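# Structural description and commentary
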Amino acid sequence: MQDQSIEQRIKEIYEKLSPTQQKLATCILNHQGDIATYSATELSKLAGVSKSAVTRLLQRLGYKDFGEVKKQVRTARRWGAPVAQKMPEGQTLSTLFQDHVKCDQNNIQTTLESIHPEHYKTAIRWISQAQKVYIIGYRNNYALGLHLRQQLTQCRSNITLLPIPGQTLGEEIASFTSEDIVIVMGIRRRPSWLKNLMGTIKMKGVRLVYITDHADVAPSEISDLHFPCAVRGVSAFDSYASVMTLISMIANSVYQESYNDSHARIQNIESTYQTLNELDMAALTNGASLDDIDD
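Presented here is a report on the structure given in the accompanying data block. (Residues numbered from 1 in each chain as written. Predicted model: local features only at pLDDT ≥ 70, side-chain atom pairs only at ≥ 80, totals over all residues. Heavy atoms only, no water.)

By the burial criterion, the buried members of helix α10 (residues 194-203) are Leu-194, Leu-197, Met-198 and Ile-201. Taken around the axis of α10, the buried residues stretch over an arc of 100°, which confines them to a single face. Residues of α10 that are exposed and point more than 90 degrees away from the buried face comprise Asn-196 and Met-203. Tucked into the core, α10 has its buried residues touching β1 (133-137), α9 (170-173), β3 (181-185) and β4 (207-213). (Buried < 20%, exposed > 50% of the residue type's maximum accessible area, 1.4 Å probe, protein only. Helix = DSSP H or I, 4+ residues; strand = E, 2+ residues; numbered from the N terminus. Arc of directions from axis to C-beta. Contact = heavy atoms within 4.5 Å.)

So, on to the pattern of salt bridges. Scanning the model with the defined rule gives four salt bridges in all. For Asp-238, the salt bridge goes to Arg-188, with nearest N and O atoms at 3.3 Å. Taken together, the positions of Asp-238 in the loop between β5 (225-229) and α11 (241-257) and Arg-188 in the loop between β3 and α10 put the pair 50 residues apart, joining distant regions of the chain. By relative accessible area, which is 8% here, Arg-188 ends up buried. (Salt bridge = Lys/Arg side-chain N within 4 Å of Asp/Glu carboxyl O.)

Turning our eyes to something else, we now look at the nonpolar core. If you look at the biggest cluster of nonpolar residues, it comprises 32 residues, and the most contacted ones within it are Ile-135, Leu-152, Ile-183, Met-185 and Ile-250. Of all the elements in the fold, those that place two or more residues in this core are α7 (117-129), β1, α8 (140-153), β2 (159-162), β3, β4, β5 and α11. With seven residues, α11 is the largest single contributor of residues to this core. Residues within four places of Leu-152 in sequence aside, it is in contact with Ile-127, Ile-135, Ile-159, Ile-183, Ile-250, Ala-251 and Val-254. Core analysis: the next-biggest nonpolar cluster, separate from the first, contains 27 residues, Leu-17, Ala-40, Val-49 and Ala-218 among them. (Core = buried A, V, L, I, M, F, W, Y, C linked by side-chain atoms within 4.5 Å.)

Structure, rendered in structure tokens:
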């Protein structure tokens, strides 16, 4: 256990923890970017537990004290919050670039290897056959959800991104049916109440697919299918390369699953682009000139 991160240690024993310890463990995972700046007292207040509860949990996880946790977090730099840090002495932008490339490659490989093929096939079938597809995302997840919606809209109709700016979700959720599917984007750092929202959706009998990260605990309890993405970056910010890869895979798989309908829809969209003159059509043909197209 000594070589494991706090994230890995928590996930190994999470189911065996008491409700109070689970509350504290979840708080640690949800505030990973700030953990190195907290004191044990501040962490206990944030989680709503006693300081002694913090001490007991850290001991159970194999740490001598909270200082050891903070040291490991700073060294591993595994967290989702942007913690300001200076480039190590001797490191150049060139080597940092290579570090980013290697990190993204590893994240993509880790993510794809963690996907269960049958679960993936089921998710693609659900998305293809659902009456309506709802995508929910908050904070950075809203941008990820927007991209997923844009890709799926090329393949099928009735794709809705929530929440609509300035609106609540109650009216939308009230309209969900068992014929629909909800895709929740929950890459860290997600709102603390997101899982309560997912529980409400599940109670309506709606199929729910959860795209999250490897730090999430017990995601299967609040979703029908979940796909964890490795998002650790080499510096202050997370990398979403693995998430964008998964989004691309999902869109392409939905296209293939309902090829005839999807292909006809794309042809219709392309025709509409030309009618409205919305896009640079030369760019859509990989830069070919208009003369090349006419030929």
